[in-house]
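# Fold and geometry: a report
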Amino acid sequence: MKLLITGASGMVGQNLIEHPDFQSHTLLRPSSKELNLLNRDAVVEYLKTNTPDFIIHAAGRVGGIQANIKHPVAFLTENMDMGFNLLLAAQAVGIPQLLNLGSSCMYPRNAPNPLKEELVLKGELEPTNEGYAIAKCAVSRLCDYIHAENENLQYKTLIPCNLYGRWDKFDPKNSHLIPAIIAKTLKAVQEGHHSIEIWGDGSARREFMYAEDLADFISLALSRFEELEQLTNVGLGFDYSIKDYYQATAESFSFKGGFAFDLSKPTGMKQKLVDCKRAHALGWKAKTDLKTGISKTIAFYQEEYRGASV
Ligand SMILES: NC(=O)c1ccc[n+]([C@@H]2O[C@H](COP(=O)([O-])OP(=O)(O)OC[C@H]3O[C@@H](n4cnc5c(N)ncnc54)[C@H](OP(=O)(O)O)[C@@H]3O)[C@@H](O)[C@H]2O)c1
């Protein structure tokens, strides 16, 4: 298959490119400089020239809470424009299949866990990343509308839970939870601290999947695309407490100290767990256990950031 991966340099994109199942495809993987998805004419031209059989849309402006709060305009408009430009160009050129990546922030803030796909757009969104979430919901609905108008165009959306792994962001300015825990633990080991600070009491629960497991699911989705629903959650099907993530990281570094809980700091939502029945019905389950995933992510961090070895 000739496969276009947008966002190929990002965490999801890199995990796809490294995955053994993707080696047999012809991969088109333009950077944002080579194909700026904010430029609709350029996207139409690219698709006409390169005619991919299948598109995986993994590009986006992605960031943590601080970045979302600071730049809501960019998070809304860039994600909406990238998605709309790509989908409408693909529709115009007649690309038959497209897999769009959504995010669990598409779910209403008060939706009951585990979050079922039919709850999208059934309530108020979390205000801290509302712009991003609106863009994700709109692009996902556009997939549905394009398919509704022309059933030969199969454009579908995956909603992955939180991800971590190789190619994650470790820069403290925009790092996600697990890279931040890894960097913090390494610092504690290097500087001989006796304890590591955790915001809140560590009991809030989060579902983080090793990014290679998402690549696994996407490989399966490609081979059974017709069976895939318009919206499919992809996650572990269970979650861990924030303290569990600290504990697993501390064990990987053989950190012997304890944890200090700062109860004056916010802990965020109590739980965010996606319902994985649709993904599991395809016979798929995430393979990587927490200890292995954390160890591989630490190895990547130490490889990439040479000064980071203990
Ligand atoms: N990371 C997670 O925990 C997570 C969880 C659930 C869902 N997702 C979803 O998965 C997707 C990928 O996330 P990620 O973590 O891999 O993101 P990421 O590491 O931040 O990568 C973002 C990618 O988007 C590309 N991009 C940004 N602006 C672009 C533009 N104007 N034109 C073309 N490409 C552009 C970047 O390309 P350049 O480097 O070339 O600029 C980069 O390859 C997103 O839709 C995200 O919502 C991620």
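Up top is the structure these notes are about.
Our subject in this report is the structure included herewith. Quantities reported herein were computed from a predicted structural model and do not represent experimental measurements. Along each chain, residue indices are assigned from 1 in the same order as the chain's sequence is written. The predicted origin of the model limits local features to residues at a pLDDT of at least 70 and limits the giving and counting of side-chain atom pairs to 80 or more, whereas totals for whole chains, interfaces and linings rest on all residues. The basis for the side-chain values is all heavy atoms of the structure; hydrogens and waters are excluded.

### A closer look at the site of the ligand
Here is the rule: A cutoff of 4 Å decides nearness: a residue is near a molecule or strand if any of its heavy atoms lies inside that distance of it. Any pair of N or O atoms that falls within 3.5 Å is considered a polar contact. Within protein, one atom must be able to donate a hydrogen and the other to accept it, and sequence-neighbouring residues count only if both atoms are side-chain atoms. The method behind every accessible area is Shrake-Rupley, applied with a 1.4 Å probe, and residues are considered shielded solely by the protein chains displayed. Where helices and strands are cited, they refer to DSSP runs of H or I of at least four residues and of E of at least two residues respectively, numbered from the N terminus. Under the convention adopted here, Pro, Cys and the residues Ala, Val, Leu, Ile, Met, Phe, Trp and Tyr are nonpolar, Asp, Glu, Lys and Arg are charged, and Gly plus all remaining residues are polar.
Taken together, 26 residues form the shell around the ligand, and within it Ser 9, Ser 32, Tyr 132, Lys 136 and Lys 169 come nearest. Residue Gly 7 places a main-chain N or O atom 3.3 Å away from an oxygen atom belonging to the ligand. Residue Lys 136 places a side-chain N or O atom 2.6 Å away from an oxygen atom belonging to the ligand. Relative to its unbound accessible area of 910 Å², the ligand is 84% covered by the protein chains. Secondary structure elements with two or more residues in the shell around the ligand: helix 1 (11-18) and helix 5 (130-149). Along the lines of polarity and charge, the residues of the shell around the ligand split into 15 nonpolar, nine polar and two charged.

### Quick look at helix 1
Note the following rule: For every residue, the accessible area (1.4 Å probe, protein chains only) is compared with the maximum for its type, and the residue is labelled buried under 20%, exposed over 50%, or partly exposed between those bounds.
Burial analysis of helix 1 places seven of its eight residues in the buried class, the great majority of the element. Within the sequence span of helix 1, burial applies to Met 11, Val 12, Gly 13, Gln 14, Asn 15, Leu 16 and Ile 17.

### Re the packing of aromatic side chains
Note the following rule: Only Phe, Tyr and Trp rings take part, Trp by its six-membered ring, and two of them pair if their centres are within 6.5 Å. Stacked means planes under 30 degrees apart, edge-to-face means over 60, and tilted covers everything else. Both a distance and an angle decide whether a charge sits over a ring: NZ of Lys or CZ of Arg must be within 6 Å of the ring centre and within 35 degrees of the ring normal.
According to the stated counting rule, one finds eleven aromatic pairs in the structure shown. Consider the rings of Phe 170 and Tyr 301, whose centres lie 4.4 Å apart with planes at 15°: the pair is stacked. Linking Phe 170 in the loop between strand 6 (162-164) and helix 6 (177-190) with Tyr 301 in helix 10 (residues 290-304), this pair joins segments that are 131 residues apart in sequence. Chaining the aromatic ring pairs together yields one cluster made of Trp 167, Phe 170, Phe 300 and Tyr 301. The ring centre of Phe 225 lies 5.1 Å from the NZ or CZ of Lys 156, which sits over that ring.

### A closer look at the nonpolar core
Basically, it comes down to this: Definition of nonpolar core: a set of buried residues of the types Ala, Val, Leu, Ile, Met, Phe, Trp, Tyr and Cys, connected through side-chain atoms within 4.5 Å.
Formed by 42 residues in total, the largest nonpolar core has its most connected members in Leu 158, Phe 217 and Ile 218. At the level of secondary structure, the elements contributing two or more residues to this core comprise strand 1 (2-6), helix 1, strand 3 (54-57), strand 4 (97-101), strand 5 (154-160), helix 7 (211-223) and strand 10 (231-234). Ranked by residue count, the leading element in this core is helix 7, at eight residues. If you look at the next biggest cluster of nonpolar residues, it comprises 25 residues, including Ala 188, Ile 196, Ala 204 and Ile 298.

### What to know about the side chain of Gln 97
Cut-off, in case you're wondering: Contact criterion: two residues are considered in contact whenever any of their non-hydrogen atoms come within 4.5 Å of each other.
By secondary structure assignment, the location of Gln 97 is in strand 4. A polar contact is formed between the side chain of Gln 97 and the side chain of Gln 154, at a distance of 2.7 Å. Excluding residues within four positions of it along the chain, Gln 97 makes contact with Asp 53, Phe 54, Ile 55, Gln 154, Tyr 155 and Phe 225.

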